[in-house]
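As a plain string of letters, each chain reads:
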Amino acid sequence: MHRSVIGLALTVAVTAVGCSSKPPPAAPSPPAAAAPQEAAPSAPPAEKAPDASASLEARRKQMTALLDEQWQYTLKRSPELASILGDRRYNDRWTDSSTEAVMADLAEAKKFLARFEAIDTAGFPEQEALSQQLMVRRLKERLDNARFENWLMPIDQFGGLHLTIAQLPSFLPLATVKDYDDYIARLKKLPVVFAQLTRLLETGVAKQLVPPRILLEQCVGQAEAIARGAPADSAFAVPVKKF
């Protein structure tokens, strides 16, 4: 219906134009070209999502580096242990047993604990995640046990300076002149170490922090046995035999 009407109207219009003597009206001018619109500012490129594998690798490297840092600190703090393990860097030193050094060591343990706890181990291999867990537990236990002030009881029948100074020579390489120079330097520092331990023991006595008498009596017997041995068989003769 709508199509018939429109067709009829077009036919009439064409006929009227053809019959008219007047020239047909000029065709309308084409519309002016529209002014080009300014391009909308492009959106900033979307940030790439962090690469999960890169993040995991970075955290694993952080963990490895922190474990090494803590281990190096342990060796420096415990020169005797370093020497026994074959690390010669601290062969001329003893552990600093002063109260100030003990407190500083506990402060370092607290810092290490915070850093180990801050590492996200999600995605770590089982062994690496376990290393982090064990280190955290070890540091927590040490800080928790600090309230007992066990450093004020530095001697018992299982260990102490009275045994360490006799056992250490057999673990030292003593293969170079420097090895002997370091050992001599270490021996010259013994008076300072004895003085530090004496102060710790005295503080322990004042606080009634003393091992059972039966254990301390064994310590006395151990020290006497080391002192009364034949010089050639003494543990302190080992460096001379290696010379």
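Residues numbered from 1 in each chain as written. Predicted model: local features only at pLDDT ≥ 70, side-chain atom pairs only at ≥ 80, totals over all residues. Heavy atoms only, no water.

J.: Sorry if this is basic, but what is going on with the overall build of the chain here?
T.: Within the chain, the secondary structure is distributed over 10 helices and 0 strands. Secondary structure elements of the chain occur, N-terminal to C-terminal, as α-α-α-α-α-α-α-α-α-α. A burial count over the chain gives 27% of its 243 residues as buried. Across the chain, the fraction of contacts at a sequence separation of at least 24, relative to all contacts at a separation of at least 6, is 75%. Roughly 17,200 Å² of accessible area belongs to the chain as shown, and the carbon and sulfur atoms make up 62% of that amount. (Helix = DSSP H or I, 4+ residues; strand = E, 2+ residues; numbered from the N terminus. Buried < 20%, exposed > 50% of the residue type's maximum accessible area, 1.4 Å probe, protein only. Contact = heavy atoms within 4.5 Å. Areas by Shrake-Rupley, 256 points an atom, 1.4 Å probe, with all protein chains shown as cover.)

J.: What exactly am I supposed to notice about unusual backbone geometry here?
T.: If a residue is not glycine, its phi is most likely negative; likewise, a peptide bond is most likely trans. Its identity is not glycine, yet Glu-149 carries a phi of approximately 50°, on the positive side. One can find Glu-149 in the loop between helix H5 (126-145) and helix H6 (161-167). One non-glycine residue, Gln-208, adopts positive backbone phi at about 60°. Relative to the elements of secondary structure, Gln-208 occurs in the loop between helix H8 (190-206) and helix H9 (213-227).

J.: What am I meant to see in the nonpolar core here?
T.: Among the nonpolar cores identified, the biggest contains 17 residues, and Trp-94, Trp-151 and Leu-161 are the most heavily contacted of them. For this core, the elements supplying multiple residues, two or more each, are helix H4 (99-117), H6, helix H7 (177-188) and H8. Ranked by size, the runner-up nonpolar core spans 12 residues in total, among them Phe-112, Phe-116, Ala-129 and Leu-139. (Core = buried A, V, L, I, M, F, W, Y, C linked by side-chain atoms within 4.5 Å.)

J.: How should the side chain of Thr-95 be read in this particular structure?
T.: Positionally, Thr-95 belongs in the loop between helix H3 (79-84) and H4. Reaching out from Thr-95, the side chain makes a polar contact with the side chain of Glu-80 at a distance of 2.5 Å. Sequence-distant contacts of Thr-95, that is, excluding residues within four places in its chain, are made with Arg-77, Ser-78, Pro-79, Glu-80 and Gln-196. (Polar contact = N/O pair within 3.5 Å; in protein donor to acceptor, adjacent residues only side chain to side chain.)

J.: Would you explain the environment of Thr-176 in this entry?
T.: Residue position: Thr-176 is located in the loop between H6 and H7. Placed 67 residues apart in sequence, Thr-176 and Phe-243 show a C-alpha to C-alpha distance of 9.1 Å.

J.: Mind showing me how you'd approach the packing of helix H2 (residues 52-77) against H5 here?
T.: Running from N to C, H2 and H5 cross one another at 40°; their axes reach a closest spacing of 11 Å. Compared by their axis directions, H2 and H5 come out oblique. Note on packing geometry: the crossing formed by H2 with H5 is left-handed. Contacts between H2 and H5 involve Arg-60, Met-63, Leu-67, Gln-70 and Thr-74 from the former and Glu-128, Ser-131, Gln-132, Met-135 and Arg-138 from the latter. For the contact of H2 with H5, the residue count by class is 3 nonpolar, 4 polar and 3 charged. (Axes fitted to C-alpha atoms, helices over the stretch in contact; angles between N-to-C directions. Parallel < 35°, antiparallel > 145°, perpendicular 65-115°, else oblique. Left-handed = near helix turned anticlockwise from the far one by under 90°. Nonpolar A, V, L, I, M, F, W, Y, C, P; charged D, E, K, R; others polar.)

J.: Is there a simple way to think about a nonpolar patch on the surface in this case?
T.: Residues Trp-71, Leu-81, Ile-84, Leu-85 and Phe-171 make up a contiguous nonpolar surface patch of roughly 450 Å² in combined accessible area. Checked against the element boundaries, Trp-71 lands in helix H2. On the accessibility criterion, Trp-71 (38% relative accessible area) is partly exposed. (Patch = residues over 30% accessible without salt bridge, like charges linked within 9 Å, V, L, I, M, F, W, Y side chains within 5 Å. Salt bridge = Lys/Arg side-chain N within 4 Å of Asp/Glu carboxyl O.)

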